[in-house]
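# A structural walkthrough
The chain contents come next:
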Amino acid sequence: MARGAFITIEGGEGAGKSTQARRLVVWLERQGLRAVATREPGGTPTGEQIREIVMHRGPEAWHPLTETLLFFAARREHLDRVILPALAAGRWVVCDRFADSTMAYQGYGAELGPEPIAALYDLVVGAIKPDLTLILDLPLAVARRRLKRRAGASDRFERRRRAFHERVRAGFLAIAAHEPKRCSVIDATQPADAVAAAIERAMRRKFGRRFAGGRA
Ligand code: Z5A
C-alpha cells in the first residue's frame, strides 16, 4: 500500500488554517484518497491536555523553552499515535500547525532563536518532514479584523504585542525561503474560495501524479 502524504498548514492566528484544513480533507476525498485532519497542539488525549495547559494558563510569564518543551512533548505523542500510523495505512494527513509553528512562535516570536528549536526537532521528530507545508500569509491588521469578528477570540490575539506577531510572520516567511521545495506561501487575504483554489494548485504541483487523472 502506498504511504499517504503529510501536509501541514501553517500561519498566524486568524489566517484561515482551520477553514482550509477542513476544505482540503474534503477535496482530497473527492480525489478518491483517504484523508484525516488533525491539529497541534492536540490530536491525541495527551496533546489535548497539553493544549489546555498552554492555551488556558494563568497570567504568569513562562520561559519560552517551557512552552517549547510542552509543544514537542505533545508532538511526539501525536506522531506515534496519529500521524505515522495514518501515513503507514495510506491515509493523507492534513495537520493544522506542526513544528514550523514552534520555530515561528517560540524561535522567532518569543526570540528563543532557531538553534534550540532545530536541536529539539532533531531529537523528537528526527528525519520526519512534512511532504508539503502550506503557509497562509496574512498582514496583522487583516487577521486582527477577522478575529475581532469572532466572539471571544480577540483577547488572545491582543495579549501579545504587535512586534511579537510581526516576528512570527517574518519567521514563517523565513522558513519558506529556507525550504522552498517543502513550503508554499499562500496569499491568505483572498476570499476563502480563492485561498482553497491556490491550495489545490499547490497540491497538484506537488502531488499531481497521485491524483485521479494524473496532472489536472
Ligand atoms: N502554538 C505555538 O506557539 N507553538 C506551537 O508549536 C504550536 C502552536 C503548535 C493555538 O493555535 C496557539 O498555539 C497559537 C499558536 C500556538 N497562538 N495563539 N495564541 P491554534 O491553531 O489553535 O489557534 P489559531 O491559529 O489562533 O487558530 P484560529 O484563530 O482558529 O485561526 P485559523 O485556524 O488560522 O483561522 P480560521 O479559524 O479558519 O478562521 C478565522 C476566522 O476568519 C473565522 O471567523 C473564519 O470564518 C474567517 N476566515 C477564514 N478564512 C477567511 C478568508 N479567506 N476570508 C475572510 N475570513 C476568513
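Since the model is a prediction, treat every value here as computed from it, not as a measurement.

Now for the sheet that holds strand S4 (residues 132-137). Strand order in the open sheet formed by five strands is S2-S3-S1-S4-S5, with parallel pairing between adjacent strands. Only two strands of the sheet have a single neighbouring strand rather than two, namely strand S2 (35-39) and strand S5 (183-187). On average, adjacent strands in this sheet sit at an angle of 20° to one another, irrespective of strand direction. The pairing of strand S1 (residues 6-11) with S4 spans five bridges and is classified as parallel. Bridge pairing in S4 links glutamate 10 to isoleucine 135.

Evaluation of the coordinates by the stated rule reveals twelve salt bridges. One salt bridge connects glutamate 40 with arginine 75, and the closest N-O pair in it is separated by 2.6 Å. Of this pair, glutamate 40 sits in the loop between S2 and helix H2 (45-55) while arginine 75 sits in helix H3 (residues 64-88), placing them 35 residues apart in sequence. Under the relative-accessibility criterion, glutamate 40 is labelled buried at 6%. By relative accessible area, which is 2% here, arginine 75 ends up buried.

Structurally, the position occupied by threonine 133 is in strand S4. On the basis of relative accessible area, threonine 133 is assigned to the buried category, the value being 0%. A polar contact of 2.6 Å, which involves the side chain of threonine 133, links it to the side chain of arginine 182. When near neighbours in sequence (up to four residues on either side) are disregarded, threonine 133 contacts Thr8, Glu10, Asp100, Arg182, Cys183 and Ser184.

Moving on: unusual backbone geometry. In this structure, the amide linkage connecting glutamate 40 to the following residue, proline 41, adopts the cis form with an omega of -10°. Within the fold, proline 41 resides in the loop between S2 and H2. In this model, arginine 97 sits at a positive phi of 75°, which is unusual for a non-glycine residue. Residue position: arginine 97 is located in the loop between strand S3 (92-96) and helix H4 (99-109). The phi dihedral of glutamate 111 is positive, around 60°, even though this residue is not glycine. Mapped onto the elements of the fold, glutamate 111 is located in the loop between H4 and helix H5 (114-124).

Moving on, we come to the packing of aromatic side chains. Counting across every chain of the model gives four aromatic pairs. Seen in terms of ring centroids, tyrosine 105 and phenylalanine 164 are 6.1 Å apart; in terms of plane orientation they differ by 50°. Their pairing is tilted. Linking tyrosine 105 in helix H4 with phenylalanine 164 in helix H8 (residues 162-178), this pair joins segments that are 59 residues apart in sequence. Plain terms: the ring middles of tyrosine 105 and phenylalanine 172 are 6.2 Å apart, the flat faces sit at 75° to each other, and that makes the pair edge-to-face. Of this pair, tyrosine 105 sits in helix H4 while phenylalanine 172 sits in helix H8; the two residues are 67 residues apart in sequence, bridging distant segments of the chain. Ring pairs connect the aromatic residues Tyr105, Phe164 and Phe172, which therefore count as one cluster. Positioned above the aromatic ring of phenylalanine 72 is the side chain of arginine 75, whose terminal nitrogen or guanidinium carbon lies 4.8 Å from the ring centre. A cation over an aromatic ring shows up here: arginine 75 above the ring of phenylalanine 98, its NZ or CZ 5.3 Å from the ring centre.

Rules of the game
- Residues numbered from 1 in each chain as written.
- Predicted model: local features only at pLDDT ≥ 70, side-chain atom pairs only at ≥ 80, totals over all residues.
- Heavy atoms only, no water.
- Pairing = 2+ DSSP bridges.
- Helix = DSSP H or I, 4+ residues; strand = E, 2+ residues; numbered from the N terminus.
- Axes fitted to C-alpha atoms, helices over the stretch in contact; angles between N-to-C directions.
- Salt bridge = Lys/Arg side-chain N within 4 Å of Asp/Glu carboxyl O.
- Buried < 20%, exposed > 50% of the residue type's maximum accessible area, 1.4 Å probe, protein only.
- Polar contact = N/O pair within 3.5 Å; in protein donor to acceptor, adjacent residues only side chain to side chain.
- Contact = heavy atoms within 4.5 Å.
- Phe/Tyr/Trp six-rings, centres within 6.5 Å; stacked < 30°, edge-to-face > 60°.
- Lys NZ or Arg CZ within 6 Å of the ring centre and 35° of its normal.

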